[in-house]
Amino acid sequence: MILSKKVIFMLFVSIVLLLVPASAIRGFLEEPNTKIDGYLRYVESPEYRNSEECPIIRSNYLICDPNLIHVAMTLDSQYLRGSIAAVHSVLKHTYCPENVYFHFVATKDSDFQELTQMVKSIFPSLSFKVCIFDGFRVKKLISSSIRQALDNPLNYARTYLAEIIEPCVERVIYLDSDVIIVDDIQKLWSISLTGSRIIGAPEYCHANFRTYFNDNFWSDTKLSKVFQGEKPCYFNTGVMVMDLGKWRKGDYTVKIEKWMEIQKEKRIYELGSLPPFMLVFGGEIEGIDHRWNQHGLGGDNLVNSCRTLHPGPVSLLHWSGKGKPWVRLDQGNPCPVDLLWEPYDLYRHSSNDSFGQQEQ
């Protein structure tokens, strides 16, 4: 009997899920009676808390404690379900979850108090802060891109993390809302940013770098010389280790904004917040293992298509692209890789609820 590729992949996914340690899945198997607007309250796994081996947080001002791992994510109602799943995955797989501090970034026009209370109710022991981002500053710089979701001002918040987050925080891991981590985030946090490098991320040098910019850019030697002497590679800004101390000293927010101003005048690229990062940091990225960003699982930017995992080990899965796992699951037509996201989903539908049915 010959099995189709889809059947073989489904069997592979099933085996992967069976191999996940019981302690890592106990939390989402225990469904408490309490729901918070449809979400289950996160059940902590005692096995993941060992105060004798985890660094002790001693600072009176918690956020400045040097033993903390800082994670930044955006927070809004449209992608809340993905953000909650991402936080869930981080807590499930890190050895010292009490030492992870989340910086959630929300826009002024969002109901940030309601979002704050929602996170606090779902994760009672989570150390976090909801920071307010003034989207008006960047809104005037945004050019329309190939997908409307990329034009959301919150999509550009990563550019302003050095200003939004307290000055005592000198390093942060930025994560998109459509990821799950299946490894200890401490490993990603401990990656060295050598020399003057400010960002660490997986690089993909086989990708055609030229396609991320149009002829208006490449035909203008004053613009394209930015890559002179460099060997730039594509990198995905949905997962980055960022040195905020070096960022502040180099005023890199202003450098990115200058490229956005040029884009408004000359239209040199078609994507959203990614190209300005490539223009400023291309060729100067600290390349890290590809296992930390298995991206593209949502298809491309225009077509919601199914994709398989890349070869090799996996520490982080990323549903970049048009398709989001919670939408496809709710529509009853998930891709095989969406089954890897589903165990971290803390949302449970009521019979008359339509949450997540809209296109993301």
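Residues numbered from 1 in each chain as written. Predicted model: local features only at pLDDT ≥ 70, side-chain atom pairs only at ≥ 80, totals over all residues. Heavy atoms only, no water.

Enquirer: Whenever I open this one, the pairing of strand S6 (residues 171–175) confuses me. Can you help?
Expert: Along any regular strand, the residues point their side chains to alternate faces of the sheet. Counting buried positions along S6 gives four out of five residues, so the element sits mostly inside the fold. As judged from the two bridges shared by strand S3 (residues 69–74) and S6, these two strands associate in the parallel manner. The residue of S6 that forms the bridge with alanine 72 is tyrosine 174. In the sheet, S6 pairs with strand S11 (residues 239–243) via five bridges, with the strands oriented antiparallel. By the bridge assignment, isoleucine 173 is partnered in S11 with valine 241. (Buried < 20%, exposed > 50% of the residue type's maximum accessible area, 1.4 Å probe, protein only. Helix = DSSP H or I, 4+ residues; strand = E, 2+ residues; numbered from the N terminus. Pairing = 2+ DSSP bridges.)

Enquirer: How do you make sense of the packing of aromatic side chains when you look at a structure like this?
Expert: Centre distance and the angle of the planes are the two values used to describe a pair of aromatic rings. Taken as a whole and judged by the stated rule, the model has 23 aromatic pairs. Residues phenylalanine 213 and phenylalanine 227 carry aromatic rings whose centres are separated by 6.0 Å and whose planes lie at 55° to one another, so their mutual orientation is tilted. Here phenylalanine 213, found in the loop between strand S9 (203–204) and helix H8 (215–218), pairs with phenylalanine 227, found in the loop between helix H9 (221–224) and strand S10 (234–235); they are 14 residues apart in sequence, far enough to count as distant. Note on accessibility: phenylalanine 213 and phenylalanine 227 belong to one class, buried. Relative to phenylalanine 281, the ring of tryptophan 247 has its centre 5.4 Å away and its plane inclined at 35°; by these criteria the two rings are tilted. Placement of tryptophan 247 in helix H10 (residues 244–250) and of phenylalanine 281 in helix H12 (residues 274–281) is noted, with a sequence separation of 34 residues between them. (Phe/Tyr/Trp six-rings, centres within 6.5 Å; stacked < 30°, edge-to-face > 60°.)

Enquirer: Hey, could you run me through the state of the cysteines in this one?
Expert: Structurally, a disulfide amounts to a covalent bond that connects the sulfur atoms of two cysteines. Applying the stated criterion to the full structure yields three disulfides. The disulfide partner of cysteine 64 is cysteine 168, and the S-S distance across this bridge is 2.1 Å. Disulfide cysteine 64-cysteine 168: torsion about the S-S bond near -85°, hence left-handed. Pair noted here: cysteine 64 is in the loop between strand S2 (39–40) and S3 and cysteine 168 is in the loop between helix H6 (161–164) and S6, with a separation of 104 residues, a long-range link. There is a disulfide in this structure between cysteine 306 and cysteine 335, and the S-S distance comes to 1.9 Å. Around the S-S axis, the bridge from cysteine 306 to cysteine 335 shows a dihedral of about -85° and counts as left-handed. With cysteine 306 in the loop between strand S12 (286–287) and strand S13 (316–318) and cysteine 335 in the loop between helix H13 (325–330) and helix H14 (338–341), the pair connects residues that are 29 residues apart, well separated along the chain. Relative accessible area serves as the criterion here: at 3%, cysteine 335 is assigned to the buried category. (Disulfide = S-S within 2.5 Å.)

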